[in-house]
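# Chain and residue survey
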Amino acid sequence: RPDRSGNQQEPEKEQGQDCVVVPGRPVAHFEPVRQQHRTAEQHKRPAAERHGPLELVGEHVVVGDGRSYIAALITLDQEALPGILQRAGIESAPMEQLVHDTRVRALVQEAVNSANEAVSNSEAIKKFAILPVDLTIENGYLTPKMSIKRHLVNQDFAADIEALYADLLARD
């Protein structure tokens, strides 16, 4: 900003601090805001880099806006699934059958529990549904840059989402 003689002056900053300088006001210090929101793409790692229970999970969509707890719609990783089923002693079956198999649900629950260890209780996934279809670009659930089209997933799987919160409605 120019001083009275017209020369440009840099506002004084204390070393190591971010400052906001408003003419006629004292210098205000602030801490930069750290981004809290994390997208699914930031958490998604290639199947080759995932180990243990997390290798079973393909895509996931967290739901729960305006609800009392967080839930998730989860797909099974099509590449890792045959090996995981074999190691667990589960016979291969059509996806529609696997999503209801209690042994597969137990494996997914392990993955959810593992993921929940990294977040607070309020951010933890309390319930989940396993989707019988993969979320892909071809079926329209992913964009070309691999972002999930949440509005479409929420619309097409609304019954699954409502089922995750059905026990709450029964209590009310």
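First, a word on scope: everything that follows refers to the structure included in this document.

About the thresholds
Residues numbered from 1 in each chain as written. Predicted model: local features only at pLDDT ≥ 70, side-chain atom pairs only at ≥ 80, totals over all residues. Heavy atoms only, no water. Salt bridge = Lys/Arg side-chain N within 4 Å of Asp/Glu carboxyl O. Helix = DSSP H or I, 4+ residues; strand = E, 2+ residues; numbered from the N terminus. Buried < 20%, exposed > 50% of the residue type's maximum accessible area, 1.4 Å probe, protein only. Pairing = 2+ DSSP bridges. Axes fitted to C-alpha atoms, helices over the stretch in contact; angles between N-to-C directions. Contact = heavy atoms within 4.5 Å. Core = buried A, V, L, I, M, F, W, Y, C linked by side-chain atoms within 4.5 Å. Arc of directions from axis to C-beta. Phe/Tyr/Trp six-rings, centres within 6.5 Å; stacked < 30°, edge-to-face > 60°. Lys NZ or Arg CZ within 6 Å of the ring centre and 35° of its normal.

Our focus in this paragraph is the pattern of salt bridges. Summed over the entire model, instances satisfying the criterion amount to three salt bridges. A salt bridge links Glu 55 to Arg 87, with the nearest nitrogen and oxygen atoms 2.8 Å apart. One end of the pair, Glu 55, is in the loop between helix H1 (40-43) and strand E3 (57-63); the other, Arg 87, is in helix H2 (residues 81-88), and 32 residues separate them in sequence. Here Asp 101 makes a salt bridge to Arg 103, at a shortest N to O gap of 3.0 Å. On the accessibility criterion, Asp 101 (16% relative accessible area) is buried.

Bringing the sheet that holds strand E5 (residues 125-130) into the picture now. Overall, mixed pairing links the three strands, which are arranged E3-E4-E5 in an open sheet. Each edge of the open sheet is held by one strand with a lone partner, namely E3 and E5. Averaged over all adjacent pairs, the angle separating strand axes in this sheet is 30 degrees, with direction ignored. The pairing of strand E4 (residues 70-76) with E5 spans five bridges and is parallel. Its bridge partner being in E5, Leu 73 is matched across the sheet by Ala 129.

Before going further, it helps to examine the side chain of Asn 116. Tracing the chain through its elements places Asn 116 in helix H4 (residues 102-116). On the basis of relative accessible area, Asn 116 is assigned to the buried category, the value being 16%. Leaving out residues up to four positions away in the same chain, Asn 116 has contacts with Ala 124 and Ile 125.

A few words now on the pairing of E3. Of all seven residues that make up E3, five are buried, and the element is covered over most of its length. Of the strand pairs in this sheet, E3 and E4 are connected by five bridges, and their pairing is antiparallel. Note that in E4 the partner of Val 62 across the bridge is Ala 72. Counted along the chain from E3 to the antiparallel partner E4, the turn is six residues long, and its residue Gly 64 has a positive phi close to 140 degrees.

With 21 residues, the main nonpolar core has Leu 56, Ile 74, Leu 76, Leu 81, Val 104, Val 108 and Ile 130 as its most contacted residues. Per element, the largest residue contribution to this core is five residues, and it comes from H4. Beyond its immediate chain neighbours, meaning those up to four positions away, Val 104 contacts Leu 56, Leu 76, Leu 85, Ile 90, Leu 98 and Ile 130. Val 63, Leu 73, Tyr 141 and Tyr 165 belong to the second largest nonpolar core, which has 16 residues in total.

With that out of the way, let us pick up H2. Within the span of H2, buried status applies to Leu 81, Ile 84 and Leu 85. Across the axial projection of H2, the buried residues extend over an arc of 100 degrees, all falling on one side. Exposed side of H2, more than 90 degrees from the buried face: Pro 82, Gln 86 and Arg 87 are the residues found there. Of the surrounding elements, those touching the buried residues of H2 are E4, helix H3 (95-98) and H4. Gly 89 occupies a position one or two residues after H2 and carries a positive phi of about 75 degrees.

Mapped onto the fold, Leu 73 is located in strand E4. Residues Leu 73 and Phe 128, spaced 55 residues apart in sequence, show a C-alpha to C-alpha distance of 5.7 Å. Beyond its immediate chain neighbours, meaning those up to four positions away, Leu 73 contacts Glu 59, His 60, Val 61, Ala 129, Leu 131, Val 153, Phe 157, Asp 160, Ile 161 and Leu 164.

Turning next to the packing of aromatic side chains. Inspection of every chain in the model, using the stated rule, returns two aromatic pairs. Between the aromatic rings of Tyr 141 and Phe 157, the centroid separation amounts to 5.6 Å while the plane-to-plane angle is 40 degrees, which identifies the pairing as tilted. With Tyr 141 in the loop between E5 and helix H5 (150-156) and Phe 157 in the loop between H5 and helix H6 (158-164), this pair connects stretches of sequence that are 16 residues apart. Taking the relative accessible area as the measure of exposure, Tyr 141 reaches 9% and is therefore buried. When the ring centre of Tyr 165 is taken as origin, the NZ or CZ atom of Arg 67, which lies over that ring, is 4.4 Å away.

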